[in-house]
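Examining the three-dimensional arrangement
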Amino acid sequence: MDGHRVRGGHGFPSALSRGRRVRGVDGLRTLAVVLVLAYHFELGPLPGGALGVDIFFTISGFVITRLLLAEFARTGAVGMRSFYWRRWKRLVPALLVVCAVCAVLAATTRLRGFDGAWASIALSATFLVNIVRAAQPGLYTDETALLGHTWSLGVEEQFYLLWPPLLLLLLRRFRPRTVLLWAVVLCLLPVLWRCVLWSPTAAHRIYNGTDTRADQLLVGALLALVVARLDTEDPRLAALCRWAGRLAWPAMGMLALIVWQVPMTGTGPWTVPWYTVGFLLAAVLSATVVAALELQPFSLLSRVLSVAPLAWTGRNLSYGLYLWHYPLGRLMADLGLDTWHVPAALAATFAAATASHYLIEKPLTRRKHPPAATA
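Residues numbered from 1 in each chain as written. Predicted model: local features only at pLDDT ≥ 70, side-chain atom pairs only at ≥ 80, totals over all residues. Heavy atoms only, no water.

Section: the overall build of the protein
Regarding its fold elements, the protein presents 15 helices and zero strands. Taking 375 residues into account, the globule formula puts the C-alpha radius of gyration at 21 Å, and the protein, at 21 Å, falls close to it. Each of the three principal axes of the protein carries a C-alpha extent, and together these read 65 × 50 × 40 Å. For the protein, the residues scored as buried account for 55% of the 375 residues in total. Within the protein, contacts between residues at least 6 apart in sequence are counted, and of these 78% link residues at least 24 apart. Only carbon and sulfur atoms are counted for the fraction: they give 67% of the accessible area of the protein, which is about 17,000 Å². Computed over 35 positive and 19 negative side-chain charges, the separation of the two mean positions in the protein equals 9 Å. (Helix = DSSP H or I, 4+ residues; strand = E, 2+ residues; numbered from the N terminus. Rg over C-alpha atoms; globule rule 2.2 N^0.38 Å. Buried < 20%, exposed > 50% of the residue type's maximum accessible area, 1.4 Å probe, protein only. Contact = heavy atoms within 4.5 Å. Areas by Shrake-Rupley, 256 points an atom, 1.4 Å probe, with all protein chains shown as cover. Lys, Arg positive; Asp, Glu negative; His and termini not counted. Charge placed at Lys NZ, Arg CZ, Asp CG, Glu CD.)

Given below as structure tokens:
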């Protein structure tokens, strides 16, 4: 095809939206999970380290939408059964192993961090932690403590249930420009909803709600739609490449400044702006970086984030690192390792994530999935 894209179903070109993996995006995943680990393990003054989750949301929205568009461009439809089966294999078995290990520790030990852990295990296995936490106006209760970090998995899973069928409906019924306009509107609605909901007692509701965090995933989805919409010869694609390259480093700098200066929890001067428009700002900054990595794979930023160890870790271990770090951190603290509990937790987390990749995730994702059933 001489490197040019052919136009697929309903005006969305097919080649750029094939769902290929971009190494720089994998490296960005690594940075995001490192931020989360540093935040939870209190490695240095990073009050905004939880921003790594926000970055993950935008990457997920981009990657999932790109995969959906690739299939739609090829076939004019999306096999929902196949899509959800692949998502289940990618996410659920590894999570269930974490839940099973926590259940064994809760049943066979008297470690304080695993005392009364059954509710947390059940909520995590069913992706309901975020819903329970959103309903708690005060301090989070013990029923979500052990696996509280899986609130973000609940947000993503609930988004996956809603966005693919909605996207397919939009693609089938509207022209590409109208689909883009709908995506923009959907990105703005959570911001307005957060402004309506905001009060000092609504922080947990806003932070954990799928409806109040959806814009962070939808911004990534919007980027995927824009990139898939533009032909190689379209001057707007050249402009997007140019501006993404110019703004990528400033966007990275802004994200770093947020991590360094903006607390994600507690109260302070940043609380109201962050819990209303801040989530959208983080998503736009993250999407700017993703756009540069996608459209300028030979730029300096792409080369830096495509370094083999970074890309490999993001591609293969980021999910496992996120799953295991929280309960293993509690375990090492309960074992009374004092100053060694953080290095021990980090070592155990990388070991568990590596085992999860090779023994659970990789074997399952290599197996053939059921034939696609078009929706």
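What to know about the packing of aromatic side chains
Across all of its chains, the model carries 12 aromatic pairs by this definition. Pairing Trp85 with Trp88 gives two aromatic rings, centres 5.6 Å apart and planes at 5 degrees, and the pair type is stacked. Here the residue Trp85 and the residue Trp88 both occupy positions in helix H3 (residues 80-108), the gap between them amounting to three residues, near one helical turn. An aromatic cluster of at least three residues, connected via ring pairs, comprises Phe57, Trp151, Trp198, Tyr207, Trp274, Tyr275 and Phe279. (Phe/Tyr/Trp six-rings, centres within 6.5 Å; stacked < 30°, edge-to-face > 60°.)

Comments concerning the packing of H3 against helix H15 (residues 341-366)
With their axes 9 Å apart at the nearest point, H3 and H15 run at an angle of 145 degrees to one another. Our pair here, H3 against H15, has a crossing hand that is right-handed. Residue-level inspection shows Lys89, Arg90, Pro93, Ala94 and Val97 of H3 in contact with H15, the latter providing Ser356, Ile360, Glu361, Leu364 and Thr365. Taken together, the residues of the contact of H3 with H15 break down into five nonpolar, two polar and three charged. (Axes fitted to C-alpha atoms, helices over the stretch in contact; angles between N-to-C directions. Left-handed = near helix turned anticlockwise from the far one by under 90°. Nonpolar A, V, L, I, M, F, W, Y, C, P; charged D, E, K, R; others polar.)

So, unusual backbone geometry
Positive phi values are uncommon outside glycine, yet Glu42 reaches one of about 55 degrees. Relative to the elements of secondary structure, Glu42 occurs in the loop between helix H1 (23-40) and helix H2 (51-75). With a phi angle near 55 degrees, Phe127 is a residue other than glycine that sits in the positive phi range. Mapped onto the fold, Phe127 is located in the loop between helix H4 (118-125) and helix H5 (129-134).

Observations concerning the confidence of the model for the protein
On average, the protein scores 90 in pLDDT, and the residues at 70 or more come to 92%. Residue range residues 14-19 is modelled with pLDDT below 50. Its contacts to residues more than four positions away, or to other chains, number 21 contacts. (pLDDT = per-residue confidence, 0-100.)

A few points about helix H6 (residues 151-173)
With 23 residues, H6 ought to run about 33 Å at 1.5 Å a step, and its terminal C-alpha atoms sit 34 Å apart, in line with that. Most pronounced at Tyr160, the bend in H6 amounts to some 30 degrees, and the proline Pro164 follows within four residues. (Expected span 1.5 Å × (residues − 1). Bend = angle between axes of the 7 residues up to and from the residue.)

Some words on H3
Compared with the 42 Å implied by 1.5 Å per residue over 29 residues, the 41 Å span of H3 between its first and last C-alpha is a close match. Along its length, H3 shows its largest kink, about 30 degrees, at Trp88.

Observations concerning the pattern of salt bridges
Side chains bearing opposite charge may pair, as long as their charged atoms lie close to each other. Overall, the coordinates contain eight salt bridges when judged by the stated rule. The partner of Arg29 in a salt bridge is Asp26, with the nearest N and O atoms 3.7 Å apart. Of this pair, Arg29 and Asp26 both sit in helix H1, separated by three residues, roughly a single helical turn. Residue classification places Arg29 among the buried residues on the basis of a relative accessible area of 15%. Among the salt bridges present, the one from Arg205 reaches Asp211, with a minimum N-O distance of 2.6 Å. (Salt bridge = Lys/Arg side-chain N within 4 Å of Asp/Glu carboxyl O.)

Quick look at a nonpolar patch on the surface
A cluster of nonpolar side chains, namely Phe174, Trp182, Val185, Leu189 and Leu192, defines an oily patch on the protein surface of about 450 Å² accessible area. Note on placement: Trp182 falls in helix H7 (residues 176-197). (Patch = residues over 30% accessible without salt bridge, like charges linked within 9 Å, V, L, I, M, F, W, Y side chains within 5 Å.)

Observations concerning the packing of H3 against H6
Packing of H3 against H6 leaves a shortest axis separation of 12 Å and a crossing angle of 175 degrees. The pairing of H3 with H6 is recorded here as roughly antiparallel in orientation. Judged by residue contacts, Met80, Phe83, Tyr84, Arg87, Leu91 and Leu95 of H3 engage Leu153, Glu157, Tyr160, Leu161, Pro164, Pro165 and Leu168 from H6. Its residues placed into classes, the contact of H3 with H6 shows 11 nonpolar, no polar and two charged. (Parallel < 35°, antiparallel > 145°, perpendicular 65-115°, else oblique.)

Topic: the environment of Arg177
Here Arg177 shows up in helix H7. Judged by its relative accessible area of 61%, Arg177 is exposed. Sequence separation of Arg177 and Leu189 is 12 residues, and the distance between their C-alpha atoms is 19 Å.

Some remarks on the state of the cysteines
For the structure shown, the criterion picks out zero disulfides. Here Cys102 is not cross-linked by a disulfide; its sulfur's nearest cysteine counterpart is in Cys99, at 6.6 Å. Unpaired in this structure, Cys195 has its nearest cysteine sulfur neighbour in Cys187, at a distance of 15 Å. For Cys195, a relative accessible area of 43% gives the class partly exposed. (Disulfide = S-S within 2.5 Å.)

Examining the side chain of Thr58
For Thr58, the location among the structural elements is in helix H2. Once residues lying within four places of it in the same chain are set aside, the contact partners of Thr58 are Gln216, Gly220, Ala283, Ser286 and Ala287.

Quick word on the environment of Trp312
Along the chain, Trp312 falls in helix H13 (residues 308-316). Given a relative accessible area of 30%, Trp312 falls into the partly exposed group. Spatially, the C-alpha atoms of Trp312 and Trp118 are 34 Å apart, while their sequence positions differ by 194 residues. Apart from the residues lying within four places of it in its own chain, the contact partners of Trp312 are Leu317, His357 and Tyr358.

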